[in-house]
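# Descriptive analysis of the structure
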Amino acid sequence: QVQLVESGGGLVQAGGSLRLSCAASGRTFSSYAMGWFRQAPGKEREFVAAISWSGFNTYYTNSVKGRFTISRDNAKNTLYLQMNSLKPEDTAAYYCAADRNIIGGSRLTSGYDYWGQGTRVTVSS
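What comes next concerns the included structure.

The rules behind each value
- Starting afresh in each chain, residues are numbered from 1 along the sequence in its written order.
- Local features in this predicted model are restricted to residues of pLDDT 70 or higher, and side-chain atom pairs are both shown and tallied only at a pLDDT of 80 or more, whereas totals for entire chains, interfaces and linings draw on every residue.
- Note: side-chain values were computed over all heavy atoms of the structure, leaving out hydrogens and water.
- For helices the rule is a DSSP run of H or I covering at least 4 residues; for strands it is a run of E covering at least 2, with both sets numbered from the N terminus onward.
- The buried label applies to any residue whose accessible area, calculated with a 1.4 Å probe on protein chains only, is under 20% of its type's maximum; exposed applies above 50%, and partly exposed to all values in between.
- Any two residues having at least one pair of non-hydrogen atoms within 4.5 Å are treated as being in contact.
- Under the pairing criterion, centres of Phe, Tyr and Trp rings, with the six-membered ring standing for Trp, must be within 6.5 Å; the plane angle then separates stacked pairs below 30 degrees from edge-to-face pairs above 60, leaving the rest tilted.
- The criterion for a charge sitting over a ring is simple: Lys NZ or Arg CZ within 6 Å of the ring centre, and within 35 degrees of the ring normal.
- At least two bridges found by DSSP between two strands is the condition for calling them paired.
- Fitted lines through C-alpha atoms give the axes, limited to the stretch in contact for helices. The angle between two N-to-C directions lies from 0 to 180 degrees.
- Note on terminology: a nonpolar core comprises buried Ala, Val, Leu, Ile, Met, Phe, Trp, Tyr and Cys residues joined through side-chain atoms within 4.5 Å.
- As used in this structure description, the phrase polar contact means that two N or O atoms lie within 3.5 Å; if the pair is within protein, one of them must be able to donate a hydrogen and the other to accept it, and residues adjacent in sequence are counted only when both atoms belong to side chains.

### Comments concerning the environment of Leu 81
Position of Leu 81 among the secondary structure elements: in strand β8 (residues 78-83). By relative accessible area, Leu 81 is classed as buried at 0%. Along the primary structure Leu 81 and Ala 49 are separated by 32 residues, whereas in three dimensions their C-alpha atoms are 8.4 Å apart. Those residues in contact with Leu 81, other than ones at most four positions away along the chain, are Leu 18, Arg 19, Leu 20, Trp 36, Val 48, Ala 49, Phe 68, Thr 69, Ile 70 and Tyr 94.

What follows is the structure, given as structure tokens:
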């Protein structure tokens, strides 16, 4: 089992940047592929990005390609999401999740086994 804690959310103006972090504890972090999801008020949780256990393979939803970068540091047990050129439609609670399938890449919430509590991102226009 792994415990996940997100941080780095906040209020930013459109066009700005934020970096989210997800600190993992418990079982070996590199045993999991990881993902970021987000949920806006009144909407379903949606896939944002995913990364394989090694960091070699990354996956993005179309709306964030070229603006967001997912990465991980297995030595620090930490997952990151660098978000640039933020837009008001990026406003949501952002969640990291762990997938026991180390290859990763799942875009479904059901593909993940453990979740953090979320961090809120608000982008003002």
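### So, the packing of aromatic side chains
The final tally for this structure, using the stated rule, is five aromatic pairs. One aromatic cluster is present, built from ring pairs that chain together Phe 37, Phe 47, Tyr 112 and Trp 115. Between Arg 45 and the ring centre of Tyr 95, over which it is positioned, the NZ or CZ distance is 3.7 Å. One Lys or Arg, Arg 72, reaches over the ring of Phe 29 and ends 4.3 Å from the middle of that ring.

### Things to note about the sheet that holds strand β1 (residues 2-7)
The sheet built from four strands is open, its strands ordered β1-β3-β8-β7 with antiparallel pairing. Edge strands, defined here as strands with exactly one partner in the open sheet, are β1 and β7 (68-73). Strand-to-strand twist in this sheet, taken as the mean axis angle between neighbours without regard to direction, amounts to 15 degrees.

### A word on the nonpolar core
In this structure, Leu 4, Met 34, Trp 36, Leu 79, Leu 81, Met 83 and Tyr 94 are the most contacted members of the largest nonpolar core, which totals 29 residues. Those elements that place two or more of their residues in this core are β1, β3 (18-26), β4 (33-39), β5 (46-51), β7, β8, β9 (92-99) and β11 (119-124). Excluding residues within four positions of it along the chain, Met 34 makes contact with Leu 4, Cys 22, Phe 29, Ala 49, Ala 50, Ile 51, Ile 70, Arg 72, Leu 79, Ala 97, Ala 98 and Tyr 112. In this structure, Phe 37, Phe 47, Ala 97 and Tyr 112 belong to the second largest nonpolar core, which totals five residues.

### Here we look at the side chain of Asp 90
Mapped onto the elements, Asp 90 comes out in the loop between β8 and β9. A polar side-chain atom of Asp 90 sits 2.9 Å from a polar atom in the side chain of Arg 38. A polar side-chain atom of Asp 90 sits 2.7 Å from a polar atom in the side chain of Arg 67. Leave out the neighbours within four places in its chain, and Asp 90 touches Arg 38, Arg 67, Phe 68, Ser 85, Val 121 and Val 123.

### Considerations on the side chain of Arg 38
With respect to the helices and strands, the residue Arg 38 is situated in strand β4. With a relative accessible area of 6%, Arg 38 lands in the buried category. A distance of 3.5 Å separates the side chain of Arg 38 from the side chain of Ser 63, its partner in a polar contact. If sequence neighbours within four positions are ignored, Arg 38 has contacts with Glu 44, Arg 45, Glu 46, Val 48, Ser 63, Val 64, Phe 68, Glu 89, Asp 90, Ala 92, Ala 93 and Tyr 94.

### Comments concerning the environment of Gln 39
When you line up the elements, Gln 39 lands in strand β4. If we ignore the near neighbours within four places in the chain, the residues touching Gln 39 are Glu 44, Arg 45, Ala 92, Ala 93 and Tyr 95. Among the polar contacts listed, one links the side chain of Gln 39 to the backbone oxygen of Lys 43, at a separation of 3.1 Å. At 3.3 Å, the side chain of Gln 39 forms a polar contact with the side chain of Arg 45.

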